[in-house]
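Letter by letter, the chains look like this.
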Amino acid sequence: MRPVLVGFLLVLLGLGASPAAAERYVAMGDSYSAGTGSSSYDLDNDCQRSSKAYGPLIKGDLGAGSSFRFIACSGARIPHITGSGQNANPVQSSVLGADTLDVTISIGGNDAGFGDVLLRCGMPLVSCDGDIDTAQAYIANTMPGQLDAAYAKVRQKAPNARVGVLGYPRLFPANGDDCSAATFFSAGEIARLNQTADMLAEVSRDRARAHGFAFIDSRAAFLGHAWCEDEWINGLSNPTNKSYHPNDRGYVGFAGITRGAMLATPDPAFARGANGRIAFSSSRDGNSEIYVINGNGSFPLNLTG
């Protein structure tokens, strides 16, 4: 048989084709990465994916252009990353590959049942202390191991990628005020819910850093922008799935800190010399800025101010 004909048949049958390259940048995870709570779900209504979410907002800054895969989905849990356990379809990590150079992810809030706890705490004449206790016990005792499995899967599937783990913000003002006539949060419940958000952030940060990932801490950026303040967070909303999620301005805030952190994060193959400077993202002056600093903490320099 002629070589040209053999080649044609192989292509026709899919036998000689190279595997498709993975996208350069993949934005994965749960509702906080999908764009839930924004003004429109113009990219995918079922997963509540929005062009207002931080991933689409920063893809050009990361050099992804059209090589961008947006697979984050409202309701996603850790099994949707690892592919283990029930309700693990689709497996988001399946789209990662050796060609993936940037990954962002938020995950764990749904596994802790934090959204359900928030809705229950806002009900009248209902004590949610037991629900908060259950969520905090999960975060402290079970979540670390589950996040380890999720982050290990991401690294296995995307060995060459910079990975940024987005942390959840505090949702309520520090003064404990509930400004809505439709909800009934006590000051004590608000304090405990903010404490739970801190636990989520700190466990995620600890496990992300253990895997060599960047942790993008949103708590400082959202100070003064909680529900009942200069709001970047929705309160109780209709439909309820938009409740306690960022609004459009909140996703712009997420985009700012995520962009800075990802651009300052070296790729996994980078080796820092003994006298190398460390780059990091900080919101210490109220804006997300990129700094470099010596390894001993001396001579910080703002590169973007």
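See above for the structure.
Residues numbered from 1 in each chain as written. Predicted model: local features only at pLDDT ≥ 70, side-chain atom pairs only at ≥ 80, totals over all residues. Heavy atoms only, no water.

A word on the overall build of the protein
Convention followed: Under the DSSP-based scheme used, a helix requires at least four consecutive residues in state H or I and a strand at least two consecutive residues in state E, with every element numbered from the N terminus. Using a 1.4 Å probe on the protein chains alone, a residue whose accessible area is under 20% of its type maximum counts as buried, one over 50% counts as exposed, and one in between counts as partly exposed. Residue contacts follow a heavy-atom distance rule, with two residues in contact if any of their heavy atoms lie within 4.5 Å. Using the Shrake-Rupley algorithm and a 1.4 Å probe, accessible areas are obtained, with residue cover drawn only from the displayed protein chains.
Check the secondary structure of the protein and you find nine helices and eight strands. Put simply, the protein has 305 residues, and 46% of those count as buried. Taking the contacts inside the protein whose residues are at least 6 apart along the sequence as the reference set, 67% of them involve residues at least 24 apart. With the model as given, the accessible surface of the protein reaches about 14,300 Å², and the carbon-plus-sulfur share is 53%.

Brief notes about the state of the cysteines
Rules: Put simply, a disulfide is two cysteine sulfurs that come within 2.5 Å.
Counted by the stated rule, this structure contains three disulfides. Put simply, cysteine 47 and cysteine 73 are joined by a disulfide, and their sulfur atoms are 2.0 Å apart. On the sign convention where negative means left-handed, the S-S torsion of about -85° between cysteine 47 and cysteine 73 marks this disulfide as left-handed. In this pair, cysteine 47 sits in the loop between helix 2 (31-34) and helix 3 (54-58) while cysteine 73 sits in the loop between strand 2 (68-70) and helix 4 (79-82), placing the two residues 26 residues apart along the sequence. Across this residue pair, the class does not change: cysteine 47 and cysteine 73 are buried.

Comments concerning helix 8 (residues 187-210)
An α-helical segment advances 3.6 residues per turn. Residues three or four places apart therefore align on the same side. How we decide: Working rule for helices: expected span equals 1.5 Å times residues minus one.
Over its 24 residues, helix 8 extends 35 Å from the first C-alpha to the last, a length consistent with the 34 Å expected when each residue adds 1.5 Å. Within two residues after helix 8, glycine 212 carries a phi angle of roughly 80°, on the positive side.

Side note on the side chain of threonine 196
The criterion, for reference: Any pair of nitrogen or oxygen atoms within 3.5 Å is treated as a polar contact; in protein, a donor-acceptor pairing is required on top of that, and neighbouring residues in sequence qualify only through side-chain atoms on both sides.
For threonine 196, the location among the structural elements is in helix 8. Here the side chain of threonine 196 touches arginine 192 through a polar contact of 2.8 Å, landing on its backbone oxygen. Setting aside anything within four residues of it in sequence, one finds threonine 196 in contact with Phe114, Ile132, Gln136 and Ile139.

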